[in-house]
Amino acid sequence: IPLSAGEPPITPIAVCAPATTAEMAETVRICRAHGAPMVPRGGGSGVVGGVLAGADTVVLSTERLAGLRHLSSGDLLATFGAGTNGLEAEELMQAEGLTIGHWPQSIELSTVGGWVATRASGQYSTAYGNIEDIVHSLEAVLADGSVYRSRDTPRAAAGPDLRNLLLGSEGTLGVVTEVTLSLREQPEPGVRQAFHFAEFATGLDAIRATMRAGWRPPVVRL
Ligand SMILES: Cc1cc2nc3c(=O)[nH]c(=O)nc-3n(C[C@H](O)[C@H](O)[C@H](O)COP(=O)(O)OP(=O)(O)OC[C@H]3O[C@@H](n4cnc5c(N)ncnc54)[C@H](O)[C@@H]3O)c2cc1C
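The structure displayed is predicted, hence computed values, not measured ones. (Residues numbered from 1 in each chain as written. Predicted model: local features only at pLDDT ≥ 70, side-chain atom pairs only at ≥ 80, totals over all residues. Heavy atoms only, no water.)

Draft legend 1. Molecular detail of the nonpolar core. Counting 25 residues, the largest nonpolar core has Phe80, Ile100, Val135 and Leu181 as the members making the most contacts within it. Going through the elements one at a time, strand 5 (77–81), helix 2 (86–94), helix 3 (112–117), helix 5 (131–134), strand 7 (135–142) and strand 9 (174–182) are the ones with two or more residues in this core. For Phe80, the contacting residues outside a window of four places in its chain are Gly67, Leu68, Arg69, Ala89, Met93, Ile100, Val112, Thr177, Glu178, Val179 and Leu181. By size, the runner-up hydrophobic cluster in this structure holds 10 residues, among which are Cys31, Leu60, Leu65 and Val141. (Core = buried A, V, L, I, M, F, W, Y, C linked by side-chain atoms within 4.5 Å. Buried < 20%, exposed > 50% of the residue type's maximum accessible area, 1.4 Å probe, protein only. Helix = DSSP H or I, 4+ residues; strand = E, 2+ residues; numbered from the N terminus. Contact = heavy atoms within 4.5 Å.)

So this is what it looks like as structure tokens:
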């Protein structure tokens, strides 16, 4: 990022790419013991600078925590390593006639763990929800090296939902290592249409009327 802004590059102390949750936990414990700040990194497409690493930091890359780990098409659930590329994850599901339904414009550049850490929103979120609606459960290595695993249920009435602490935490509370996403049946090919409105306000009224009628087009742009 500094390079693209014409500034000198910043070299972190190290870039670690653990291949398992246990390795990630051990790496975090070592960094903590040495007081080294850590910056998790997925696809590097974040837009708020959370992925920027200083010269005193250790980068924790999720690139080797990648791949589909479990698919339950009966339960419509798929578990991915956090470093799985977004488009690869979606294409794997489409091959099964399913979809995650999460289509950020950066789907090719971002990772499943990055989606969680940035509380991402896909272009079809009106139909499928945002990432917080799609995440079923997750696993994360916390700052002390302990491993947190959320309940393996879509929701529970007892106590606060700790998944929400990690959603949007931008890597400040832990490293997400595994994510289980809920799936949908792949829809029939959709219809895309464009309409012309003489004024912005009239177009807005049409969108309001559409939504108030209960229709949920996956994406509407004015
Ligand atoms: C062209 C373009 C289009 C975009 N379109 C959209 C869009 O439509 N919707 C949208 O929501 N965003 C969009 N973004 C922003 C970005 O792609 C998302 O925020 C994405 O979710 C980031 O994922 P990443 O894997 O690239 O994360 P990174 O950039 O690697 O990291 C982002 C932040 O999350 C942390 N992080 C990454 N992985 C983990 C992990 N496993 N555990 C803990 N913390 C982690 C990092 O430390 C950093 O703070 C766009 C960006 C670009 C460049």
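Draft legend 2. Region of interest: the sheet that holds strand 1 (residues 14–16). Spatial ordering of the open sheet is given by 1-3-2, a layout of three strands whose pairing is parallel. Two strands in the sheet have a free side with no partner beyond their single neighbour: strand 1 and strand 2 (38–41). Pairs of neighbouring strands in the sheet enclose a mean axial angle of 25°, with direction left out of account. Here three bridges tie strand 1 to strand 3 (residues 58–61), and the two strands are oriented parallel to one another. Across the sheet, Val15 pairs through a bridge with Val59, a residue of strand 3. Across the sheet, helix 1 (residues 21–33) lies against strand 1, strand 2 and strand 3, angled at about 170° from strand 3, the strand it touches most. (Pairing = 2+ DSSP bridges. Axes fitted to C-alpha atoms, helices over the stretch in contact; angles between N-to-C directions.)

Draft legend 3. Representation of the domain arrangement of the protein in the model. In terms of domain boundaries, the protein breaks down into domain 1 (3–61), domain 2 (68–185) and domain 3 (190–222). The C-alpha centroid of domain 2 is placed 21 Å from the C-alpha centroid of domain 1. Contact with domain 1, which involves 14 residues of that partner, is made by 16 residues of domain 2. Summed over the three residues of domain 1 that lose the most area to domain 2, namely Thr21, Pro40 and Ser45, the buried surface amounts to 36% of that side. Where domain 1 meets domain 2, there are two residue pairs in polar contact (both at pLDDT 80 or more). For the side of domain 1 that touches domain 2, the secondary-structure elements that each account for two or more residues are helix 1 and strand 2. Broken down by element, the residue count for the side of domain 1 that touches domain 2 peaks at six residues, all from helix 1. Here the side of domain 1 that touches domain 2 is composed, by residue class, of seven nonpolar, five polar and two charged. (Domains from an automatic or database assignment. Buried area = accessible area lost by both parts, 1.4 Å probe. Polar contact = N/O pair within 3.5 Å; in protein donor to acceptor, adjacent residues only side chain to side chain. Nonpolar A, V, L, I, M, F, W, Y, C, P; charged D, E, K, R; others polar.)

Draft legend 4. Representation of the site of the ligand in the model. Around the ligand sit 30 residues in total, of which Pro40, Ser45, Gly46, Ser106 and Thr111 are the nearest. Between the ligand and the protein, one listed contact pairs an oxygen atom with a side-chain N or O atom of Thr111 at 2.6 Å. In the environment of the ligand, a nitrogen atom lies 2.8 Å from a nitrogen or oxygen atom belonging to the backbone of Val176. Isolated, the ligand exposes 970 Å² of accessible area, and the fraction of that covered by the protein chains is 84%. Every element with two or more residues in the shell around the ligand is listed here: strand 2, helix 3 and strand 9. If you tally residues by element for the shell around the ligand, the top one is helix 3, at four residues. (Near = heavy atom within 4 Å. Areas by Shrake-Rupley, 256 points an atom, 1.4 Å probe, with all protein chains shown as cover.)

Draft legend 5. Examining unusual backbone geometry more closely. In the Ramachandran plot, Leu76 falls in the positive-phi region, its phi being about 55° despite a non-glycine side chain. With respect to the helices and strands, the residue Leu76 is situated in the loop between strand 4 (68–72) and strand 5. Positioned with a positive phi, Glu170 is a non-glycine residue whose angle comes to about 55°. When you line up the elements, Glu170 lands in the loop between helix 6 (163–166) and strand 9.

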